[in-house]
Amino acid sequence: MAVLNPPRVLPGLGRAIVNYLLDARRTLTQDELVAAFKPDGLNPGANAASGVTNTVSALRAIDVLDEDADGALRIGSKVETFKTPFTKQQFRRVLQNRVFDVDPGDDLWRTQAGEGRTRGARDLHRALTWLLAQDALGQPLGWNDNVQVMQTDQFSTTNNEAWAITNDTRWLATVRWILVLGLATTSVVRDKNGVVPLPVIAVDDAISDFPNERLTIHDFLARLGRAIPFVHGGPARSGLVAYLGRDPDAGIRADCADSSIGQALRILEEQGRVHFEALPDADGIRLSRFDSTRQTHVIVQAGGMK
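Residues numbered from 1 in each chain as written. Predicted model: local features only at pLDDT ≥ 70, side-chain atom pairs only at ≥ 80, totals over all residues. Heavy atoms only, no water.

## Quick notes on unusual backbone geometry
Part 1 of the argument: The phi dihedral of Ser-156 is positive, around 55°, even though this residue is not glycine.
Part 2 of the argument: Within the secondary structure, Ser-156 sits in the loop between helix H6 (143–154) and helix H7 (168–180).
Part 3 of the argument: Residue class for Ser-156 comes out exposed when judged on its relative accessible area of 62%.
Part 4 of the argument: A positive phi is found at Asp-255, a non-glycine position, where the angle reads about 60°.
Part 5 of the argument: One can find Asp-255 in the loop between helix H11 (250–253) and helix H12 (259–270). (Helix = DSSP H or I, 4+ residues; strand = E, 2+ residues; numbered from the N terminus. Buried < 20%, exposed > 50% of the residue type's maximum accessible area, 1.4 Å probe, protein only.)

Rendered as structure tokens:
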């Protein structure tokens, strides 16, 4: 079951659906859920309910929702629930928990028959991995602006079926997912539409689970790779690098931190969430190819200046 294939998946709608099911006094089927979100007479178009049905399909693919033999929808067994409705931040962490659950032994880039290539969130994993491997200091990413050309170059083929993101419909779905997961931001540059692989929110979420202590920069980046498998050091990214034969990120090629991570950490430093040290007798790394100083240690600080 693909995550990107249903064309009208709305990850942000997922929170409303999950909260509605949590508050329901009985189990509901998908038809009953559609009737609640798209009552008869409201937009009678043939595809009017597809936003709900496609979103339910995607939530089932990542195990946020389960469907029993009688067709009743339930919250997935791996989702921690609360007595109160999910807040936006809580539901983002739920989605991260499920989407970031990448099997280290699964080769995302191996072509498989049938649903083998798209089972679970594999199609979304490939898309997120490729997008997070692009230069956060480069041009914003847009399907018609540069994404097709970049994939042709990096995958060394014009056959879009070999790409991470095969068409504009899946690109739009990817953009919705990457934004709701906190892995990117929209461009703030005038006349430059698109998304920037800048995972400030996701990194902030990840370090909330780190100890508020001093870590070596390499230990810190390794923990981030385990927490966010699509960045450098994570298993999904390692698979992409092996498949392409190189890492596309300009920061990595310049012997620096992943550009997405480096930029995110600079922003979090300004917000008081992390503090860096550069000790002369320790092994360090530049956060950006434009830096001259190698950072050697990170201090994670609770709170910060939100």
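## Description of the nonpolar core
Part 1 of the argument: With 84 residues, the main nonpolar core has Trp-177, Leu-183, Phe-220 and Phe-230 as its most contacted residues.
Part 2 of the argument: The biggest single contributor to this core is helix H5 (residues 122–132), with six residues. (Core = buried A, V, L, I, M, F, W, Y, C linked by side-chain atoms within 4.5 Å.)

## Some remarks on the side chain of Ser-288
Part 1 of the argument: Among the structural elements, Ser-288 can be located in the loop between strand S7 (274–277) and strand S8 (297–300).
Part 2 of the argument: The exposure class assigned to Ser-288 is buried, which follows from its relative accessible area of 10%.
Part 3 of the argument: Within the local environment of Ser-288, its side chain forms a polar contact with the backbone nitrogen of Phe-290, the two atoms lying 3.1 Å apart.
Part 4 of the argument: Ignoring sequence-local partners within four residues, the contact set of Ser-288 consists of Leu-137, Cys-256 and Gln-263. (Polar contact = N/O pair within 3.5 Å; in protein donor to acceptor, adjacent residues only side chain to side chain. Contact = heavy atoms within 4.5 Å.)

## Focus on helix H4 (residues 88–99)
Note on helix geometry: an α-helix contains 3.6 residues per turn, so any two residues three or four positions apart are oriented the same way.
Part 1 of the argument: A rise of 1.5 Å per residue sets the reference length of H4, with its 12 residues, at 16 Å; its end C-alpha atoms lie 16 Å apart and thus fit the reference within 8%.
Part 2 of the argument: Where H4 is buried, its residues touch helix H1 (11–23), helix H3 (50–61), H5, H7 and helix H8 (200–207). (Expected span 1.5 Å × (residues − 1).)

## Overview of the sheet that holds strand S2 (residues 65–67)
Part 1 of the argument: Taken together, the three strands give an open sheet; going across it, the order is S1-S3-S2, and neighbouring strands pair in antiparallel fashion. Of all the strands in the sheet, just strand S1 (28–29) and S2 have a single pairing partner and so form its edges.
Part 2 of the argument: Relative to strand S3 (residues 72–75), S1 runs antiparallel, the two being bridged by two bridges. Looking across to S3, one finds that Leu-28 is bridged to Leu-73.
Part 3 of the argument: Relative to S2, H3 is tilted by about 95°, and along the sheet it contacts S2 and S3. (Pairing = 2+ DSSP bridges. Axes fitted to C-alpha atoms, helices over the stretch in contact; angles between N-to-C directions.)

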